[in-house]
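Close look at the chain arrangement
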Amino acid sequence: MKDNEMTFEAKILYIGEDLVKLYCEKTKRPLSELERQVILIYMFGMANSMREKLYPHLTPLQTETAMTAVMVKLFDYQIEKAQMLISGFIAQLQSPEPNTIKHIIFYGFDAYAEWENNRKEQIADEIVYLLNLINPQ
């Protein structure tokens, strides 16, 4: 992997580590599998926004590759599971029908600007909100 791709991947990983920490501080418990996947979907939106703003020379495939690596590093997913999840995210994003995954990706895409403005608490609150919509307690 080239240096600029590694930097991109490292930034996504940093965001993911921060999001997990902030989210767990809010919920006061370890992540469930649903929470992991929602955070990853949200991060996929953030990664695409970051790519457009800071790394326009990178391709969508390079974003997918970086996100797959982040899934493995952040949540210890097997590479096959990470690839399957990212493929599913992309399939839902490309679907002409509205769906929950597409909705979360768009939230994440918009959230990258908030992240740049150091509004991390608001982003963690938004993830809590999205998870409550998906799986009300």
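Overview of the structure. Every value quoted in this text rests on a predicted model; they were computed, and no experiment measured them. Numbers given for residues are sequential positions, taken from 1 along each chain in its written order. The model is predicted, so local features are restricted to residues of pLDDT at least 70 and side-chain atom pairs to those at 80 or more, both for listing and for counting; the totals for chains, interfaces and linings are taken over all residues. For the side-chain quantities, the full set of heavy atoms in the structure was used; hydrogens and water were omitted.

As a further point, take the packing of aromatic side chains. Any two of the Phe, Tyr and Trp rings considered here, Trp counted by its six-membered ring, make a pair once their centres fall within 6.5 Å; the pair's planes then place it as stacked at under 30 degrees, edge-to-face at over 60, or tilted in between. Evaluated as defined, the whole model comprises three aromatic pairs. Ring geometry for Phe44 and Phe89: centres 6.2 Å apart, planes at 50°, overall tilted. Taken together, the residues span a long stretch of sequence, with Phe44 in helix α2 (residues 33-54) and Phe89 in helix α4 (residues 79-94) at a distance of 45 residues. One exposure class covers both Phe44 and Phe89, and it is buried. Ring plane angle 45° and centroid distance 6.0 Å describe the contact between Phe75 and Tyr77, whose orientation is recorded as tilted. Considered together, Phe75 and Tyr77 belong to a single accessibility category, that of buried residues. Strands are runs of DSSP state E lasting at least two residues, helices are runs of H or I lasting at least four, and both sets are numbered from the N terminus onward. For every residue, the accessible area obtained with a 1.4 Å probe (protein chains only) is divided by the maximum for its type, and the residue is called buried under 20%, exposed over 50%, and partly exposed between those limits.

Glancing now at the nonpolar core. Ile12, Leu19, Tyr42, Met43, Met46 and Phe89 are the most contacted members of the largest nonpolar core, which totals 41 residues. For this core, the elements supplying multiple residues, two or more each, are α1 (3-27), α2, α3 (60-75), α4, α5 (100-116) and α6 (120-134). Take this core: its biggest share by element is ten residues, from α2. Contact criterion: two residues are considered in contact whenever any of their non-hydrogen atoms come within 4.5 Å of each other. Sequence-distant contacts of Phe89, defined by excluding residues within four places in its chain, comprise Gln37, Leu40, Ile41, Phe44, Met71, Ile101 and Ile105. Grouping buried Ala, Val, Leu, Ile, Met, Phe, Trp, Tyr and Cys residues that are joined through side-chain atoms within 4.5 Å yields what is termed a nonpolar core.

Turning our eyes to something else, we now look at the side chain of Glu35. Considering the arrangement of structural elements, one finds Glu35 in helix α2. The class for Glu35 is buried, based on a relative accessible area of 4%. Look past the residues within four positions of Glu35 in its chain and what remains in contact with it is Tyr23, Arg29, Pro30 and Leu131.

Now for the packing of α3 against α4. With axes taken as lines fitted to C-alpha atoms, and helix axes fitted only over the stretch in contact, angles between N-to-C directions fall between 0 and 180 degrees. Between α3 and α4, the least distance of the axes is 9 Å, while the angle of their chain directions is 135°. Taken together, the axes of α3 and α4 lie oblique to each other. As α3 packs across α4, the resulting crossing turns out to be right-handed. In contact with Glu64, Met67, Thr68, Met71 and Val72 of α3, α4 contributes Ile79, Ala82, Gln83, Leu85, Ile86, Phe89 and Ile90. Any residue that is not Ala, Val, Leu, Ile, Met, Phe, Trp, Tyr, Cys, Pro, Asp, Glu, Lys or Arg is counted as polar, Gly included; the first ten are nonpolar and the last four charged. Looking at the contact of α3 with α4 residue by residue, the classes come out as nine nonpolar, two polar and one charged. Any angle from 65 to 115 degrees is called roughly perpendicular, while one under 35 is roughly parallel, one over 145 is roughly antiparallel, and all others are oblique. By the definition used in this description, the sense in which the near helix is turned from the far one sets the handedness, with an anticlockwise turn below a right angle giving left-handed and a clockwise turn giving right-handed.

In the Ramachandran plot, Lys28 falls in the positive-phi region, its phi being about 60° despite a non-glycine side chain. Mapped onto the elements of the fold, Lys28 is located in the loop between α1 and α2. Taking the relative accessible area as the measure of exposure, Lys28 reaches 71% and is therefore exposed. One non-glycine residue, Asn118, lies in the positive phi region at around 60°. In this fold, Asn118 is placed in the loop between α5 and α6. Residue class for Asn118 comes out exposed when judged on its relative accessible area of 57%.

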